[in-house]
Amino acid sequence: MERAYVWDRFVRLHHWSLATLVLANHFILDGPAHRWAGYAALALVCARLVWGVAGSPHARFAAFLPTPARLRAHFARPGVAPRGHNPLGAAMMLAMLALVVSLGITGWLMRSDAYWGEAWLEDLHQALANGLLVCAALHVAGVAAASLTWRINLPRAMLTGYKVRSIRSAPFEDRGTPGPD
């Protein structure tokens, strides 16, 4: 058995808080609660952007940006599990963060004098929200597929911070394992 510490407390709290806000905002909240939850989600993304530069090793964008070289390496080693984000997961995470920012901006604009009552902006906001839900569903499907492929419980890793592999799991890539902060 091997344990790799990958997700620090901030990353885990951010992940589950943002997921909760997005789902609540889409399916439950309306009016002022919807607006304030949207602003809270936008603030979480801003905090994550800071943490992506100054955070723990696996949380830093430099460690996982989906470059062409990282994508090639990922597809060249299908039986090897990354310690942190794989390039496809990283691309999805960045897309979802961008969608949350876009939703925050369009939501704020809809309340401004200049764009009050503009149907096209409301339509755009709704399309972005639907796109975020599609991305979230693809994210969950990708996590399930990767968990089954590598035999590593990724949802548990996002709860505990540790990816745990057994003798039946895919080996981890050959990078150093940072310890807990």
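It should be noted that the structure appears before, not after, this text.
In what follows, the accompanying structure is described. (Residues numbered from 1 in each chain as written. Predicted model: local features only at pLDDT ≥ 70, side-chain atom pairs only at ≥ 80, totals over all residues. Heavy atoms only, no water.)

What follows deals with the packing of aromatic side chains. Using the criterion set out here, one finds 5 aromatic pairs in the structure. Ring plane angle 75 degrees and centroid distance 5.7 Å describe the contact between Phe-61 and Phe-64, whose orientation is recorded as edge-to-face. Within this pair, Phe-61 and its partner Phe-64 are both found in helix H3 (residues 61-64), separated by 3 residues, close to a single helical turn. Neither residue differs from the other here; Phe-61 and Phe-64 are each classed as buried. (Phe/Tyr/Trp six-rings, centres within 6.5 Å; stacked < 30°, edge-to-face > 60°. Helix = DSSP H or I, 4+ residues; strand = E, 2+ residues; numbered from the N terminus. Buried < 20%, exposed > 50% of the residue type's maximum accessible area, 1.4 Å probe, protein only.)

This part covers the nonpolar core. In terms of nonpolar packing, the biggest core is built from 19 residues, with Leu-18, Val-100 and Leu-132 touching the most fellow members. If you list the elements that add at least two residues to this core, you get helix H1 (9-27), helix H2 (31-54), H3, helix H5 (87-110) and helix H6 (119-150). Setting aside its immediate chain neighbours within four residues, Leu-18 contacts Ala-41, Leu-44, Val-45, Leu-97 and Val-100. In terms of nonpolar packing, the next biggest core, distinct from the first, is built from 14 residues, Ala-59, Ile-152, Ala-157 and Phe-172 among them. (Core = buried A, V, L, I, M, F, W, Y, C linked by side-chain atoms within 4.5 Å. Contact = heavy atoms within 4.5 Å.)

Further remarks concern the side chain of His-14. Topologically, His-14 is positioned in helix H1. What His-14 contacts, discounting residues up to four positions off in sequence, is Leu-44, Val-45, Arg-48 and Leu-97.

A few words on the pairing of strand S2 (residues 162-165). Alternating residues of S2 divide into Tyr-162 and Val-164 and Lys-163 and Arg-165, and every residue in both groups is buried. As judged from the 4 bridges shared by strand S1 (residues 2-5) and S2, these two strands associate in the antiparallel manner. Counterpart to Ala-4 in the pairing with S2 is Lys-163. (Pairing = 2+ DSSP bridges.)

The subject of this paragraph is the layout of surface pockets. In this structure, the largest pocket encloses a volume near 1100 Å³. If you go around the largest pocket, you meet 39 residues; those closest to its centre are His-15, Gly-89, Met-96, His-139 and Val-143. When contributions to the lining of the largest pocket are tallied by element, the ones reaching two or more residues are H1, helix H4 (68-76), H5, H6 and helix H7 (154-160). Top contributing element to the lining of the largest pocket by residue count: H6, with 11 residues. Split by residue class, the lining of the largest pocket holds 27 nonpolar, 10 polar and 2 charged. (1 Å grid on protein atoms, 1.4 Å probe; cavity = no way out; pocket = protein on both sides within 12 Å on 5 of 7 lines; lining within 4 Å. Points joined across faces, edges and corners; volume = space filled by probe spheres on them. Nonpolar A, V, L, I, M, F, W, Y, C, P; charged D, E, K, R; others polar.)

Within the secondary structure, Leu-121 sits in helix H6. Judged by relative accessible area, Leu-121 falls into the buried class, the value being 1%.

Turning to the environment of His-15, a few remarks are in order. Tracing the backbone shows His-15 in helix H1. Residue His-15 is classed as partly exposed on the basis of its relative accessible area of 25%. Spatially, the C-alpha atoms of His-15 and Val-45 are 9.8 Å apart, while their sequence positions differ by 30 residues. The contacts of His-15, once residues within four sequence positions are left out, are His-139 and Met-158.

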